[in-house]
Amino acid sequence: MVSESIPELFELLLSTLLATGLTVGGALTEQAALADLSGGISAFATWEVYMGLVLLYAGYMLASRRVLPALGSA
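A short tour of the structure in this document, coming up. All of these numbers come straight from a predicted model, not from anything done at the bench.

With that out of the way, let us pick up the overall build of the protein. When helices and strands are counted, the protein shows two helices and zero strands. Taken against the 2.2 N^0.38 rule, which gives 11 Å for 74 residues, the C-alpha radius of gyration of the protein at 17 Å runs more than 25% over that of a compact globule. If you line up the protein on its principal axes, its C-alpha atoms span 60 × 15 × 15 Å. Intrachain contacts of the protein at a sequence separation of at least 6 include 61% that bridge at least 24 residues. Of the roughly 5,400 Å² that the protein leaves accessible, carbon and sulfur atoms contribute 73%.

Further remarks concern the side chain of glutamate 30. Along the chain, glutamate 30 falls in helix H1 (residues 2-37). In this view, glutamate 30 contacts Glu48, Val49, Gly52, Leu53 and Leu56; residues no more than four positions away in its chain are not counted.

Applying the stated criterion across every chain, the model contains one aromatic pair. Between the aromatic rings of phenylalanine 44 and tryptophan 47, the centroid separation amounts to 6.0 Å while the plane-to-plane angle is 25°, which identifies the pairing as stacked. Taken as a pair, phenylalanine 44 and tryptophan 47 lie in helix H2 (residues 43-72) at a separation of three residues, close to a single helical turn. Assessed through its relative accessible area of 49%, phenylalanine 44 is described here as partly exposed. Overall, tryptophan 47 belongs to the partly exposed group, its relative accessible area being 48%.

A few words now on the pattern of salt bridges. Taken as a whole, this structure holds one salt bridge when the rule is applied. Residue glutamate 11 is joined to arginine 66 by a salt bridge in which the shortest nitrogen-to-oxygen separation is 2.6 Å. Highlighted residues: glutamate 11 in helix H1 and arginine 66 in helix H2, separated in sequence by 55 residues. Its relative accessible area of 43% is what places glutamate 11 among the partly exposed residues. For arginine 66, a relative accessible area of 46% gives the class partly exposed.

This next bit is on a nonpolar patch on the surface. Side chains of Phe10, Leu13, Leu14 and Leu17 sit close together on the surface and give an oily, nonpolar patch of about 410 Å² of accessible area. On the basis of relative accessibility, which here comes to 48%, the residue leucine 13 falls in the partly exposed class.

Moving on, we come to H2. In this model H2 runs 42 Å from its N-terminal to its C-terminal C-alpha over 30 residues, within 8% of the 44 Å that 1.5 Å per residue would give. Helix geometry: H2 is bent most strongly at alanine 63, by close to 40°.

About the criteria used
Residues numbered from 1 in each chain as written. Predicted model: local features only at pLDDT ≥ 70, side-chain atom pairs only at ≥ 80, totals over all residues. Heavy atoms only, no water. Helix = DSSP H or I, 4+ residues; strand = E, 2+ residues; numbered from the N terminus. Rg over C-alpha atoms; globule rule 2.2 N^0.38 Å. Contact = heavy atoms within 4.5 Å. Areas by Shrake-Rupley, 256 points an atom, 1.4 Å probe, with all protein chains shown as cover. Phe/Tyr/Trp six-rings, centres within 6.5 Å; stacked < 30°, edge-to-face > 60°. Buried < 20%, exposed > 50% of the residue type's maximum accessible area, 1.4 Å probe, protein only. Salt bridge = Lys/Arg side-chain N within 4 Å of Asp/Glu carboxyl O. Patch = residues over 30% accessible without salt bridge, like charges linked within 9 Å, V, L, I, M, F, W, Y side chains within 5 Å. Expected span 1.5 Å × (residues − 1). Bend = angle between axes of the 7 residues up to and from the residue.

Put into structure tokens, the structure is as follows:
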């Protein structure tokens, strides 16, 4: 019984850490993009905006599909 719950808890912990990392990384990338865009529109700033949104979306999807349902069933 306990040995079955340890891998599930480990998976939940890793998923939570990954979702947090993706979200924080996305927010920092968006912040850098806004700083770059304040100097004018460039290809690099546009790429940063896109990648920040991808990271934020990935963090949101991981949290909403794995972490929150697992916490809700606990």
